[in-house]
Amino acid sequence: MRPYIIAISWLVATLFVSPPMASTLLAQLADEDIVKRDPAAATKLESRLVGLPSQVTLEGLRAGEGYFSADGKFLIYQSEQVSGNPFFQIFVMNLADGTTQQVSPGIGKTTCAWIHPDGKRMLFASTHDDPDAEKKQRDELKKRSEGTQDRYAWDYDEFFEIYSVDRDELGKKPKYTNLTKAKGYDAEGSYSPDGKQIVFASNRSAFDGRMKPEVAKIFEVDKTYMMEIYIMNADGTDVRRLTDTLGYDGGPFFAPDGKRICWRRFAENGATAEIMTMNLDGSDQRPLTKLNAMSWAPFFHPSGKYLVFTTNRHGFENFELYLVSTDGGEPIRATYTNGFDGLPVFSPDGKKLVWTRQVGEPGPSGRPPGQIFRADWNHAAALEALGLGDAPPENPKEVQRRAVESAKLSSADFSRDDVARHVAYLCRPELEGRMTGSPGEQMATEYVAAYFDHLGLKPAGAEGTYFQKFQFPAGAALGPNNAMSYSTGEKQTDLTLDKDWRPLSFSASGSIDPTNIVFAGYGMFAPKTEQNEGYDSFAQLDVKDKWVMVLRFMPENITPERRQYLAAFSSLRDKARKARDLGAKGIIVVSGPTSRVREQLVPLQRDAALSGTSVAVVSITDDVARQWLLAAKKDLNEVQTLLDSGNPTSGFDLSLKVVAQIDVEQVIQIGQNVVARLQVGDAPSEQTVVVGAHIDHLGNGTSSSLAREDEKGQIHFGADDNASGVAVMMEIAEHLAALPEAERRALKRDFVFAAWSGEELNLQGSKHFVATLQAKQTGPTPAGGSSSGSNNPGPPPSIYPQVAAYVNMDMVGRFQKSLVLQGLGSSDFWRKEIQRLALVTELPVTPLDDTNLPTDATSFYLAGVPIIAAFTGAHNDYHTPRDTPEKLDYVRAAQIARFMGEMTRSLSAAENPPPFIQHKIEAAPQQARAGARVYLGSIPDYASDVKGVLLSGATGGSPAAKAGLKANDVIVELAGKKIENIQDYADALKALKAGEKVKIAVRRGGERVDLEITPISRQ
């Protein structure tokens, strides 16, 4: 990297890029280049986080792995300084005066010590009970005297056990209590913050007689191959295994709050290691690093916001200290001194760092001996480098101006730094999650428009602008005139709004005089078919000019097959329409005691449909409903339980009247797409290739959020979903705009680039764009931006070949196994071109024919356009505040930009547009996700082509995690339904009942594993 490039990188970091991006993608590149050119600069770079180091241990051949006591006054560590013993022994140092005491017996080998939080006990691992311990000492001394010792002598001795000792007994005849008594290596232990538990590493499972022969053969030469993490009580009882993978899992420590564990996980071949965290029960195991190097020795900062660890990403023997956020992301370099810097530990107050650094001349191992060093730690600088600090608010327009100016520094090549710049701005807190119609969405779209203008693209929105505005339903609001009461005889009881009752968002407004009420069970009508019995809640029940009280969902205790059929008739809109058609004045919805919902009143939430109904629709609490049924001498629980069997019972009249005044206002807002055109010739071409990505996200998560309870109301940044897609789309635009004139003129079709809004609200923005093109053929664009509301008979008109093809990017920032390309069933053009580009770019690709996609590509497919949609897979942070920029893989994102850019160029260069194929669609994309009242927490791997549903993992604490589902499991059966694909899985979810345990079968390592899972309610 040339000096002027470094200067530009730092300028970008200073002017615009948010702290995570500045540190990870620009500053670090500059740092590494500086060190290469000027090694003396390493000290200055290191001093940003680490103060001037001072050596703590001087005595003995070598020392290392020191850990503070809870009060920060003592340091327990290992050192080679016992006469006649060439191996480590454990010592404790008083940091006030430097005095030390020997903790271990002095015989055998020791490692990994820890001081109990009460300061009275210590634990360490030792082989002093090995009958051959002293012989092994003599053998090692002999090897050293002859110069024949191993370069690294750690052998994971099977006699290692974990011992505890009372501190008061040191210097006397201490009693060492063996806490682990299983054959095998037991070591690397540490106490939990409350002192009640110990987490440690062990290969004991290799000695239980159940190892497969092929595994045993590897274990003979690699004793770490069966190393796993275990947890036990502080007295050694109740030992539980937490990990179960081949290869080394070790070095575990508790988080400061005691709720998670960090550790290192080696690849099965032992060549690399990554930093991991998990819950105390072993669930939610996830990597924090993906460096493909030897990364190990993680340790939490007391703030709980980040970890420090050791890695050799800069050279096989050059280990440096790095930081990584507790949520993962791009790690930050902390030390710059050649050689070994490792085993870092923070003091309890977070102000000091101790670690092992190799100093001096090479010792018997061929390396300089290690000693413990201590330095001041700059926590504030660490937070800033990781993007975790609190920055003062800035003027949003000034932020946007600097962002656009910074973006202009980008190159026409497909650059990770360019992608990072765009993502960083779109995820700024000032944009507040880019909710459709919000000021944040406006800032985001203005940024993209300004960038298109910089590239020389022509405005292709409305009235000569880059913007295409559309109306969308933003939910409903309650007006000032809402009231409801009921009367039995002469007595009238008023109900309290939002406590006892609430109108639904699609309710009609107006007054209803005192009106009789009838109970109609689940309020469903399903016709009889050859395969299914009918269901009629209204048989022999007169509902004309009456209120109809219905239960909210569908019968709870029916078979999965019956539930799947009735799901299509169980929505509240369906129930309201049926009651309306029978002449009812309105319906009253009650959840009922067997439904196990989180909130009994139906939320007044965003609705993807603009239309309401011509009848009143309200919900009431179970308590109100219970009082009403008592008036008819009925018990709500008994009535619902009877109906839950699946057989509709006769409805009945309730001996009361209900009067209501309903005032519901439909809220309509304006969103905007950004649309620009890149001409390839002197005049606009008749055909175009449209390249798009949705720019909107969830704001503060008021709808569609999967946030944890402690995350409710936080900004949902949407880095992967879908700042990543927008950034890749902008990279493609930049690359094609910079083509030499001769190359551009050789193309046949113009490019249209679009950042859609409203995708999270049922594809509103892209639907409006398509409907606008369709309207030029059939008439005016319908209100709301979609032709789906038109009364025109037949399917919507095709916009092909005016739009020759549509290329979509949605969630392309978290590369896992491959680039998933969906929609290929829409044309036979795709696979040959994919094969060519995969070969050229060396990018792993998974091609999928499915055109049933919950993304903007569907708007084009339904209008007869061939589509291809890029995607890199689901993850735990989807639709949560944890989807943040530092977690994206920018190198792969740039590769994806190149791949999709070349695909886009091929579409323009082709002699003929790709032929459109009507691929079979089983359900509309939004319908495929509807009807599931329950939540499992499974994370499907959409890049797989296995029979069943392959899992990438399970969300921590979810029903799936509790059931024992793991990454690489393949779901093959759920609740008695055979699962062969994701559609089967979606259908099976509709049949599940919250709180009711069902069987789930997975294929794991070639074998079927039967488990049980208990779904929880989404509602």
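Everything discussed here concerns the structure shown above.
Calculation notes
- Residues numbered from 1 in each chain as written.
- Predicted model: local features only at pLDDT ≥ 70, side-chain atom pairs only at ≥ 80, totals over all residues.
- Heavy atoms only, no water.
- Helix = DSSP H or I, 4+ residues; strand = E, 2+ residues; numbered from the N terminus.
- Buried < 20%, exposed > 50% of the residue type's maximum accessible area, 1.4 Å probe, protein only.
- Areas by Shrake-Rupley, 256 points an atom, 1.4 Å probe, with all protein chains shown as cover.
- Pairing = 2+ DSSP bridges.
- Contact = heavy atoms within 4.5 Å.
- Salt bridge = Lys/Arg side-chain N within 4 Å of Asp/Glu carboxyl O.
- Core = buried A, V, L, I, M, F, W, Y, C linked by side-chain atoms within 4.5 Å.
- Expected span 1.5 Å × (residues − 1).
- Arc of directions from axis to C-beta.

Q: I'm lost on the overall build of the chain in this one. Help?
A: Helix and strand content of the chain: 22 helices and 51 strands. Evaluated residue by residue, the chain yields a buried proportion of 57% over its 1019 residues. Of the roughly 42200 Å² of accessible surface on the chain, a fraction of 50% belongs to carbon and sulfur atoms.

Q: Looking at this structure, how should I read the sheet that holds strand β8 (residues 161-166)?
A: The strands that make up a sheet are held in pairs by hydrogen bonds between backbone atoms, and each pair lies either parallel or antiparallel. The sheet built from 4 strands is open, its strands ordered β6-β7-β8-β9 with antiparallel pairing. Only two strands of the sheet have a single partner each, and these edge strands are β6 (110-115) and β9 (177-178). Pairing geometry for β8 and β9, over 2 bridges, is antiparallel. Its bridge partner lying in β9, serine 164 is registered against threonine 177.

Q: Where do I start with the environment of asparagine 516 in this structure?
A: Checked against the element boundaries, asparagine 516 lands in strand β30 (residues 510-519). Beyond its immediate stretch of four places on either side in the chain, asparagine 516 contacts Lys546, Trp547, Asp653, Leu656 and Lys657.

Q: Whenever I open this one, the sheet that holds strand β19 (residues 306-311) confuses me. Can you help?
A: The 4 strands lie next to each other as β18-β19-β20-β21, forming an open sheet whose pairing is antiparallel. Each edge of the sheet is formed by a strand with only one pairing partner; in this case those strands are β18 (295-300) and β21 (332-333).

Q: In this structure, what is going on with the pairing of strand β16 (residues 273-279)? I would like to understand it.
A: Along any regular strand the residues' side chains alternate between the sheet's two faces. Among the 7 residues that make up β16, 7 are buried, leaving the element largely enclosed by the rest of the structure. Side chains of β16 alternate between two faces, with Ala273, Ile275, Thr277 and Asn279 and Glu274, Met276 and Met278 buried alike. Note: strand β15 (residues 260-266) against β16, 7 bridges, orientation antiparallel. Opposite arginine 264, over in β16, you have isoleucine 275 as the bridge partner.

Q: What's the story with the pattern of salt bridges in this structure? I'm lost.
A: Pairs may arise between side chains of opposite charge once their charged atoms sit close together. All told, the structure shown has 49 salt bridges when counted by the stated rule. Among the ionic pairs, aspartate 238 bridges to arginine 240, the shortest N-O distance being 3.1 Å. With a closest N to O distance of 2.9 Å, arginine 831 and aspartate 849 form a salt bridge. On the criterion of sequence distance, the pair formed by arginine 831 in helix α17 (residues 830-841) and aspartate 849 in the loop between β42 (845-847) and α18 (857-861) is long-range, its members being 18 residues apart. If you follow the salt bridges from partner to partner, you end up with Arg708, Asp710, Glu711, Arg814, Asp877, Arg882 and Lys887 in one network.

Q: Explain the nonpolar core here, please?
A: Soluble globular proteins: nonpolar side chains tend toward being buried together. Counting 70 residues, the largest nonpolar core has Phe452, Met729, Phe753, Met809 and Met900 as the members making the most contacts within it. Ranked by residue count, the leading element in this core is helix α14 (residues 719-737), at 11 residues. Ignoring sequence-local partners within four residues, the contact set of methionine 729 consists of Phe452, Val691, Gly692, Ala693, Phe753, Ala754, Ala755 and Met809. Core analysis: the second largest hydrophobic core is formed by 66 residues, Tyr77, Met93, Leu170 and Ile275 among them.

Q: Please clarify how α17 should be interpreted in this entry.
A: Each α-helix turn comprises 3.6 residues. Residues three or four places apart therefore point the same way. Spanning 12 residues, α17 covers 16 Å between terminal C-alpha atoms, matching the ideal 16 Å at 1.5 Å per step. For α17, the set of buried residues is Trp830, Glu833, Ile834, Leu837 and Thr841. One side of α17 holds all its buried residues, which, seen down the axis, span an arc of 100°. Facing away from the buried side of α17 by over 90 degrees, the exposed positions are Lys832, Gln835 and Leu839. Backbone geometry just after α17 places glutamate 842 at a positive phi near 55°.

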